[in-house]
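Residues per chain, in single letters:
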Amino acid sequence: MEESLREPCPWRIVDDCGGAFTMGVIGGGIFQGIKGFRNAPSGMSRRFQGCLAALKTNAPKTAGSFAVWGLTFSTIDCTLVHFRKKEDPWNSIISGAATGGILSARNGLPAIAGSALVGGILLAMIEGIGIIFTRMTAENFRPPTPVFSDDPSQLGPPPNQQYQPEDVNL
């Protein structure tokens, strides 16, 4: 049976939520800082003030949105693992589609369908790339194929004879 490299499901949810929050803080901080710097009035001190104001205002919102996405995705993923009794790429694809649909539920049925489709396609692409990389790197660790020769001089001593080294000086 293949051992999972990830945490067990109750801890996986917390871990994924925290990781998504961290990505949101870092990515949102960079994005919002640049946006605040560019949109501020001219002058370096004003631009840095605009950068800090945008960071304080918008980076926590971005981080929270990422955390909600990670929490929803991991919860659905763990639920699918529990009910399907296996971990495979389909769990992630279905979880991405369901997460996209759930998080856009306030905007109506067309938004639910569109977000679910985008979430499913995005996670299918991520899983597909992961499978491709796994297969490519597995080639590097495959044992070499033995080369068999029909020429008896290339084979060693016959199996019924003991190998006796000739005059070995150590």
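Residues numbered from 1 in each chain as written. Predicted model: local features only at pLDDT ≥ 70, side-chain atom pairs only at ≥ 80, totals over all residues. Heavy atoms only, no water.

(A) Inspection of unusual backbone geometry at higher detail. A positive phi angle, close to 60 degrees, is found at Lys 85, a residue other than glycine. Mapped onto the elements of the fold, Lys 85 is located in the loop between helix H2 (44-84) and helix H3 (89-103). (Helix = DSSP H or I, 4+ residues; strand = E, 2+ residues; numbered from the N terminus.)

(B) Focus on the state of the cysteines. For the structure on display, the rule yields 1 disulfide. Here Cys 9 pairs with Cys 78 through a disulfide, and the sulfurs are 2.4 Å apart. In this structure the cystine formed by Cys 9 and Cys 78 twists about its S-S bond by roughly -95 degrees; its chirality is therefore left-handed. Separated by 69 residues along the polypeptide, Cys 9 in helix H1 (residues 9-39) and Cys 78 in helix H2 bring together distant segments of the chain. (Disulfide = S-S within 2.5 Å.)

(C) Summary view of the side chain of Ser 92. Residue placement: Ser 92 occurs in helix H3. Engagement of the side chain of Ser 92 in a polar contact is seen with the side chain of Glu 127, the distance being 3.3 Å. (Polar contact = N/O pair within 3.5 Å; in protein donor to acceptor, adjacent residues only side chain to side chain.)

(D) Quick look at the UniProt feature "transmembrane region" (unreviewed entry) in the protein chain. Here, the residues flagged by UniProt with the feature "transmembrane region" (unreviewed entry) are residues 111-133. End C-alpha atoms of residues 111-133 are separated by 33 Å, and the span's content is 100% helix alongside 0% strand. (UniProt positions renumbered as here; feature names shortened; annotations may be inferred.)

(E) Representation of a nonpolar patch on the surface in the model. Residues Phe 21, Val 25, Ile 26, Ile 30 and Ile 34 make up a contiguous nonpolar surface patch of about 460 Å² in total accessible area. Within the fold, Val 25 resides in helix H1. In this structure Val 25 comes out as partly exposed when scored by relative accessible area, which is 37%. (Patch = residues over 30% accessible without salt bridge, like charges linked within 9 Å, V, L, I, M, F, W, Y side chains within 5 Å. Areas by Shrake-Rupley, 256 points an atom, 1.4 Å probe, with all protein chains shown as cover. Salt bridge = Lys/Arg side-chain N within 4 Å of Asp/Glu carboxyl O. Buried < 20%, exposed > 50% of the residue type's maximum accessible area, 1.4 Å probe, protein only.)

(F) Representation of the pattern of salt bridges. Scanning all chains against the criterion turns up 3 salt bridges. In this structure, Arg 12 and Asp 77 form a salt bridge, with 3.8 Å as the shortest nitrogen-oxygen distance. With a gap of 65 residues between them, Arg 12 in helix H1 and Asp 77 in helix H2 connect regions that are remote in the sequence. In this pair, the class of Arg 12 matches that of Asp 77, namely buried. Residue Asp 88 pairs with Arg 84 through a salt bridge whose shortest N-O separation is 2.8 Å. A single network of salt bridges, built from pairs that share partners, joins Arg 12, Asp 77 and Glu 87.

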